[in-house]
Amino acid sequence: MCDEPRPDEMPDLRVQRLIAEADLVEIGHKLSRYAASRIRFYTTWWRREVPGAKEPADFAHEAILDAYCGRRRWDPDRNPDLLDYLRDVVESKVRNWISRREGANVPLDGLLTEPEAPPEARELLLDIERELADEPELWPIVRLFAEGVVKPSDVAEELGIAVEEVINRRKRLRRRLRRLMDSRERIEDSV
Amino acid sequence: MRMDDSRKRALEYLVDEMGEDAAGRDERDPVLEARFRDLKSELQGQVRRRAATESLARTREFAERLREGLRGERLKEALDRLRGTLDLSQSEVAVCFRSLQERREEDVEGMLEDLLLLEELSARSEDDDDA
């Protein structure tokens, strides 16, 4: 489980106890869903090739063990939310996995700004911006998504608005994008 | 907006990500449920074993320092000094006190053996619980 950790690498017993006593079934499910979502993000938006040898739950499982064994240092005093911390670990593991697959450290931030971002993704984002011209307050939500800022509390902080307002805008954005997809599909079906 | 398959997939992802329940879909997968329940149980067992091992190590250290302290000091003074410097639980200290009250200084070796045996039995019993 923990491969011969050196004594100085072992986390405090208190940290290990906190992890072992946490609701790992709930956390495991949430982390697995998060890993699946991130893999889907990198394949659909970044057009990355992702091998099938690993399941999303494998990332979740490894993240928990990394924190437990001290390969990743969780400091409960600085970040009491274990799930929040492990999400970052999963994100990092998914990125590393993709990078290793491609044999190099590939940039995976900034769909609008990163030169190596797929041009198709940038085009799609700019198309969305145009489509949202009559509701300009929705565009910043998409822009932040492109920069990797997804968590409602982070979006709220970036935009200087309440989390409830972020949720509200996301709902409107979702409806808008859904309608957009349906209408385009109808047009293409009729051609 | 042109809609090839890759654009459609990217948009579908964005729509899902903006969903109300994007962060908290609640369905439980029985396979994952079992996997993470097993993991939790394994980690809990390891924590118990580590706690017992560390408790035993602390008690050994306490016993060793107690033996040294007894050479030149009165029993009570030695204990009062040592209990503050070692991270012993109340029950561990109580065991030492009881043993010391019941025995004379010349029998301290026997008392130490009792203490260590008690701790080893306790650790073994927790291992058995895990199994």
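Since we're looking at a predicted model, the values are computed, not measured. (Residues numbered from 1 in each chain as written. Chains lettered and ligands numbered in written order. Predicted model: local features only at pLDDT ≥ 70, side-chain atom pairs only at ≥ 80, totals over all residues. Heavy atoms only, no water.)

Participant: When you look at the pattern of salt bridges in this model, what are you seeing that I'm missing?
Facilitator: If charged atoms from side chains of opposite charge come close, those side chains can pair. All names here are of chain A. Applying the stated criterion to the full structure yields 24 salt bridges over all chains. Between Glu26 and Lys30 there is a salt bridge, with its nearest N and O atoms 3.3 Å apart. Placement of the pair is Glu26 and Lys30 together in helix α2 (residues 24-44), with a separation of 4 residues, close to one helical turn. Taking the relative accessible area as the measure of exposure, Glu26 reaches 23% and is therefore partly exposed. (Salt bridge = Lys/Arg side-chain N within 4 Å of Asp/Glu carboxyl O. Helix = DSSP H or I, 4+ residues; strand = E, 2+ residues; numbered from the N terminus. Buried < 20%, exposed > 50% of the residue type's maximum accessible area, 1.4 Å probe, protein only.)

Participant: Please explain helix α3 (residues 56-69) of chain A as it appears in this structure.
Facilitator: Residues that lie three or four places apart on an α-helix share one face, since the helix turns once every 3.6 residues. Residue and element names in this part refer to chain A. With 14 residues, α3 extends 20 Å from end C-alpha to end C-alpha; this agrees with the ideal 20 Å at 1.5 Å per step. Of all 14 residues that make up α3, 12 are buried, and the element is covered over most of its length. Restricting attention to buried positions, one finds in α3 the residues Ala57, Asp58, Phe59, Ala60, His61, Ala63, Ile64, Leu65, Asp66, Ala67, Tyr68 and Cys69. Within two residues after α3, Gly70 carries a phi angle of roughly 90°, on the positive side. (Expected span 1.5 Å × (residues − 1).)

Participant: Help me out: how do you make sense of the nonpolar core in this one?
Facilitator: Nonpolar side chains tend to gather and get buried jointly when the protein is soluble and globular. If you look at the biggest cluster of nonpolar residues, it comprises 71 residues, and the most contacted ones within it are Ile19, Trp45, Ile64, Leu86, Leu111 and Ile128 of chain A together with Leu43 of chain B. Once residues within four sequence positions are removed from consideration, Leu86 of chain A is found in contact with Ile27, Leu31, Ala63, Ile64 and Ala67 of chain A. (Core = buried A, V, L, I, M, F, W, Y, C linked by side-chain atoms within 4.5 Å. Contact = heavy atoms within 4.5 Å.)

Participant: Sorry if this is basic, but what is going on with the packing of helix α6 (residues 139-146) of chain A against helix α7 (residues 152-159) of chain A here?
Facilitator: Residue and element names in this part refer to chain A. Put simply, α6 and α7 touch, their axes get as near as 11 Å, and they point 115° apart. The way α6 lies across α7 gives a crossing that is right-handed. In this structure, α6 contributes Pro140, Ile141, Arg143 and Leu144 to the contact, and α7 contributes Val155, Glu158 and Leu159. The residue inventory of the contact of α6 with α7, partitioned by class, reads 5 nonpolar, no polar and 2 charged. (Axes fitted to C-alpha atoms, helices over the stretch in contact; angles between N-to-C directions. Left-handed = near helix turned anticlockwise from the far one by under 90°. Nonpolar A, V, L, I, M, F, W, Y, C, P; charged D, E, K, R; others polar.)

Participant: Help me understand the confidence of the model for chain B in this model?
Facilitator: For any part of a model where pLDDT is low, the fine detail of the predicted coordinates should not be relied upon. All names here are of chain B. Counting all residues, the mean pLDDT for chain B is 70, and 40% of those residues have values of 70 or more. Model confidence for chain B, summarised as mean pLDDT per element, is weakest for helix α5 (residues 108-130) at 57 and strongest for helix α1 (residues 5-17) at 89. Overall fold confidence (pTM) sits at 0.74, and the ipTM for the predicted complex is 0.82. (pLDDT = per-residue confidence, 0-100.)

Participant: Looking at this structure, how should I read the interface of chain B and chain A?
Facilitator: For interface size, the figure often reported is the accessible area lost on association. Taken together, the contact between chain B and chain A spans 39 residues of the former and 53 residues of the latter. Taken together, both faces of the contact between chain B and chain A bury some 4,600 Å²; the carbon and sulfur share is 61%. At the boundary of chain B with chain A, the tally comes to 4 salt bridges. Between Arg35 of chain B and Asp58 of chain A there is a salt bridge, with the nearest N and O atoms lying 2.9 Å from each other. Counting the contacts that link chain B with chain A gives 19 residue pairs in polar contact (both at pLDDT 80 or more). Counting residues per element, the ones that place at least two in the side of chain B that touches chain A are α1 and α2 (30-72) of chain B. Sort the elements by how many residues they give to the side of chain B that touches chain A and α2 of chain B lands first, with 15 residues. Its residues placed into classes, the side of chain B that touches chain A shows 16 nonpolar, 4 polar and 19 charged. (Buried area = accessible area lost by both parts, 1.4 Å probe. Polar contact = N/O pair within 3.5 Å; in protein donor to acceptor, adjacent residues only side chain to side chain.)

Participant: Can you walk me through the packing of α2 of chain A against α3 of chain A in this structure?
Facilitator: When two helices pack together, you describe them by how their axes are tilted relative to each other and by the distance separating the axes. All names here are of chain A. Two elements in contact, α2 and α3, have axes separated by 7 Å at closest approach and are oriented at 125°. Compared by their axis directions, α2 and α3 come out oblique. Like other packed secondary-structure pairs, α2 and α3 cross with a definite hand, here right-handed. Two secondary-structure elements touch here, α2 through Leu24, Ile27, Gly28, Leu31, Ser32, Ala35, Ala36 and Ile39 and α3 through Pro56, Ala57, Phe59, Ala60 and Ile64. For the contact of α2 with α3, the per-class residue count stands at 11 nonpolar, 2 polar and no charged. (Parallel < 35°, antiparallel > 145°, perpendicular 65-115°, else oblique.)

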